[in-house]
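Each chain, letter by letter, is given below.
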Amino acid sequence: MNFALTDEQLMIQKMIREFAEEVVAPDAEKRDKEKRFPKEVFHKLSELGMMGLPFPEEYGGAGADTVSFAIVVEELSRACGSTGITYAAHISLGGAPLNMFGTKEQKEKYLVPICTGESLGAFGLTEAGAGSDAGGTETTAVQEAGDWVINGSKCFITNASYAKHVALTAITGRNGGKKEISAIIVPTDTKGFSVLDNYEKMGLHASNTTELVLEDVRVPADHLLGKRGEGFKQFLVTLDGGRIGIGAMAVGIAQAAYEKAIQYAKERKQFGRPISNFQAIQFKLADMAMKIELARMMVYKAAWLKDSGKKFSKEASMAKLFASEACTSICSDAVQIHGGNGYMRDYHVERYYRDAKLLEIGEGTSEVQRMVIAREIGCR
Amino acid sequence: MNIFVILKRTFDTEEKISINNGKISEDSAEFIINPYDEYAVEEAIVLRDQHGGEVTVVTVGSEEAEKELRTALAMGADKAVLISNEDLDSQDQFTTSSILATYFKEQEFDLILGGNVAIDNGTGQVGPRLAELLNIPYVTTITSIKIDGSTVSIDRDVEGDVEKIETSLPLLVTAQQGLNEPRYPSLPGIMKAKKKPLETLELDDLDIDEDDVEAKTKTVEVFLPPKKDAGKILSGEIASQVKELVSLLRTEAKVI
C-alpha cells in the first residue's frame, strides 16, 4: 500500500496549481459573470502541452497517467469550474474515445489536433430524449452511395463551438425492434451541421454548452469510429473515464469552497470572537475537510485502478457520486458560513455552489450512478 | 556554449516560519527553487536556445534538493548535478562557494548564472565568492544580458537605476527580478525530466576534506521578528495630522 504521489505527479500538481492560481483564478468570477469562454487560458494550457495529457506521444500527447489527469482537473476546477469542465470534457469525452476506438489514420487526423489544442474535444451523445438511456437516441445515420447521411439533434454538448470535429452517436440500423447505435466522427464545418450556443445555465457560465443540429450532414464511410453497432458499448466505457474527471472537478470545487469558508470563519467576528470559535461552525468545517479527503481518495483510487488496467466502473461511479454530493453540500455550507456575504458574487462561494450542482447531473445523474453501483454489486 | 546555473532549494515564499528548539522548523514546509535562481534557470535556457550548447544546473544540498533540480530539468535544463552536503556538520557561504569552486575547476564553462540572493539567508555571497575563487569577472543583480561572440552586454540594476556593463566570457552573473518571466515547466518537460542525467557527487568524489570547508560563521541565536502592533490612524485637519505625526515620530517612534 502506498498513498504517496510519484515525483512526476507531484511536479505536475505543483506546476498546475501555480498556473491555476496565477493564470486561471484571477478572472474566474469575471468570466462567469460575462459568460466569457476562457480562450486565453486554453491557449496557454496548449503551450504547456497539457491538452493531450494522457494520450500517446506519437499523437502529440504527453503519455501521463489518469492520476495526473485527476490532479490537473482538480486544480483547474479549484480555480475555475468552467475551466475544469472544459478541460475534463476535452480529454475524457473528446480525446479518449478517439484514442480508444480510432484507427491510426483517424488518430492522426483527429486526435493530434486535440493534443496540440488546435481543436477542443467534444462528444455528442445526449439528446432531448436520450442520455444515460441511449435507447432513446433518435439521430439517424443512413448509408448512401458510400457516405453516411446524418439527421437529428444533440443537446448539452460541451465544447462543440471550439471543436473542429465531434464524435456523435446515431442509429445506423435496426435489428427487429432494437436500435443499432454507432459513433461517427463529424467535422463541425460539414454542410448542414450547426452548433448553437444559446443555453442560459444555472452555473459554469464560462464553459461552452451547445446544441448540435444535423440536417442531411454527409460524411465519408470511413468516419465511422470503431465498429458499427458498438456505439453504446463505446460510450459506456467513455463515461467510466469521464466520471473520474467529474469526481476530480467536485474535489477541486469543494476544496476551493472549504478554503474560502475556513479563511472567512477565522476572520469574521461576531459576539466578540471569530466565528471559527463556535462549535457549530467548527463542525461544519471538520465535516468539509473529512469529505474532501475521502472524495479525493476515491477519485485517486478509481484513477489508479484505470492506470493499473483493472476494472474501475464501480469505483468511478462511487467516486463521482460521493464527490459530487459532497461538493454540493460543502458549497452549501460554505455559503452558509459566509452568511449574507456568501449570497453575494464577490465572495465566490455562490459561484461554487451553482457550479457544483451540475456535477450531480452531468455524465450520469446521481440516480444513474446508484444504478451502476447496484448493478456492479450484483443487484437484479 | 557551456552554461551552468547554481541554484538553492529554499522555503516557499508563502511558508510561515516557525522556530522549534532554536531551529527553523522544516516539518511539512513546502520547498521551491529559490525565486532568483529561477530567473537564472530561465535565462540560461533562453541563452542556450539562442547560442546552442548545454545548461547544467548545480546545487550543494540534501538528497531532497533532487526535486528542485528535476524541476529545473523539466523547465528545460539539460543536466543536473547534486553535490551532497550530508557529510557536513555546518554549512555557510564559505562552505558552499568553496565546494562549488572545487567542482567548477574541473569543468569547462563559459557562463555561470545564479540568483542575486537566496530568500532564506539572504547573503548574496555565494555567486561573487565563487567568481573570486575561479578568478573570473562577475556582475550581480543583472536585468538583461546579451552575448555576441565573447562580448557580453549587461544591464545591471543599481538600486533602481541601470548600469550598462560590457564584459567578456567566461563570466558569472547573478539574476535580479525583472531579468525575465520564468516559464512553467511544460507537461512534456516534466515527463522527460526523469530521463535526463542527474549526477550525485559526495565530497569525497571532489577530494574535499570536510574540515577544509567547515563553516566560518556560527549561528548564535535564531529568533522571529517582534510582533507588530496595529498601526495608528490619525484623523482631523491635514495640518494638525502632520503636526501630530511629526511629534509622534519624535517622541514615540524616536526615528527623527
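Worth saying up front: this structure is predicted, and the values here are computed from it rather than measured.

(A) Representation of the overall build of chain B within the structure. Scanning chain B from N- to C-terminus turns up six helices and 13 strands. Dimensions of chain B, computed from C-alpha atoms along their principal axes, come out at roughly 65 × 45 × 40 Å. Look at the contacts in chain B between residues 6 or more apart in sequence, and 69% of them connect residues 24 or more apart. Just so you have it, chain B exposes about 14600 Å², and 46% of that area is on carbon and sulfur atoms. Charged side chains of chain B number 26 positive and 49 negative; the gap between the two group centres comes to 6 Å.

(B) Focus on the sheet that holds strand β10 (residues 151-158) of chain B. All names here are of chain B. Across the sheet, which stays open at both edges, the nine strands sit in the order β11-β10-β9-β12-β8-β1-β6-β7-β13 with mixed pairing between neighbours. Looking at strand neighbours, the two that pair on one side only are β11 (161-168) and β13 (198-201), the edges of this open sheet. With strand direction ignored, the average angle separating the axes of adjacent strands in the sheet is 30°. Where strand β1 (residues 2-6) meets strand β8 (residues 111-115), three bridges bridge the pair, whose relative direction is parallel.

(C) View of a nonpolar patch on the surface. Together, Ile238, Val242, Val246, Val255 and Ile256 of chain B make up an exposed nonpolar region whose accessible area comes to about 470 Å². Here Val255 of chain B falls in the exposed class, since its relative accessible area comes to 58%.

(D) Spotlight on the environment of Glu22 of chain A. Summarising the element assignment, Glu22 of chain A is placed in helix α1 (residues 7-24). Residues Glu22 of chain A and Ala4 of chain A, 18 residues apart in the sequence, show an inter-C-alpha distance of 26 Å. A distance of 2.5 Å separates polar atoms of two side chains, one belonging to Glu22 of chain A and the other to Tyr184 of chain B.

(E) How the structure looks around the domain arrangement of chain B. Looking at chain B, the domain boundaries give domain 1 (2-213) and domain 2 (229-256). Placing the centre of domain 1 of chain B and that of domain 2 of chain B at their C-alpha centroids yields a distance of 45 Å.

(F) Looking closely at the side chain of Glu363 of chain A. Residue and element names in this part refer to chain A. Along the chain, Glu363 turns up in the loop between α10 (349-359) and α11 (366-376). Lacking a salt bridge, the buried Glu363 has Arg243 as its closest oppositely charged neighbour, with an N-O distance of 5.9 Å. Setting aside residues up to four positions removed in sequence, Glu363 forms contacts with Leu93, Leu239, Gly242, Arg243, Ile246, Lys320 and Gln369.

(G) Up close: the side chain of Thr172 of chain A. Residues and elements named next belong to chain A. If you trace the backbone, Thr172 turns up in strand β4 (residues 165-175). According to the relative accessible area criterion, Thr172 is buried, its value standing at 8%. A polar atom in the side chain of Thr172 sits 2.5 Å from the side chain of Glu180. For Thr172, the contacting residues outside a window of four places in its chain are Ala141, Trp148, Glu180, Ile181, Ser182, Ile184 and Arg228.

(H) Representation of the interface of chain B and chain A within the structure. With 15 residues of chain B at the interface, the matching set in chain A holds 17 residues. Buried surface at the junction of chain B and chain A, both sides included, amounts to about 1400 Å², of which 69% is carbon and sulfur. Seen at the junction of chain B and chain A, the total is zero salt bridges. Taken together, the links from chain B to chain A amount to three residue pairs in polar contact (both at pLDDT 80 or more). Broken down by secondary-structure element, the contributors of at least two residues to the side of chain B that touches chain A are β5 (31-33), α2 (66-75) and α5 (187-193) of chain B. It is α2 of chain B that contributes the most residues to the side of chain B that touches chain A, five residues altogether. Residues that form the side of chain B that touches chain A fall into these classes: nine nonpolar, two polar and four charged.

(I) The arrangement of the pairing of β11 of chain B in detail. All names here are of chain B. When β10 meets β11, the two strands line up antiparallel, connected through eight bridges. Of the residues in β11, the one forming a bridge with Ile154 is Ile165. What sits between β10 and β11 in their antiparallel hairpin is a turn of two residues, with Glu159 showing a positive phi close to 50°.

Criteria and cut-off values
Residues numbered from 1 in each chain as written. Chains lettered and ligands numbered in written order. Predicted model: local features only at pLDDT ≥ 70, side-chain atom pairs only at ≥ 80, totals over all residues. Heavy atoms only, no water. Helix = DSSP H or I, 4+ residues; strand = E, 2+ residues; numbered from the N terminus. Contact = heavy atoms within 4.5 Å. Areas by Shrake-Rupley, 256 points an atom, 1.4 Å probe, with all protein chains shown as cover. Lys, Arg positive; Asp, Glu negative; His and termini not counted. Charge placed at Lys NZ, Arg CZ, Asp CG, Glu CD. Pairing = 2+ DSSP bridges. Axes fitted to C-alpha atoms, helices over the stretch in contact; angles between N-to-C directions. Patch = residues over 30% accessible without salt bridge, like charges linked within 9 Å, V, L, I, M, F, W, Y side chains within 5 Å. Salt bridge = Lys/Arg side-chain N within 4 Å of Asp/Glu carboxyl O. Buried < 20%, exposed > 50% of the residue type's maximum accessible area, 1.4 Å probe, protein only. Polar contact = N/O pair within 3.5 Å; in protein donor to acceptor, adjacent residues only side chain to side chain. Domains from an automatic or database assignment. Buried area = accessible area lost by both parts, 1.4 Å probe. Nonpolar A, V, L, I, M, F, W, Y, C, P; charged D, E, K, R; others polar.

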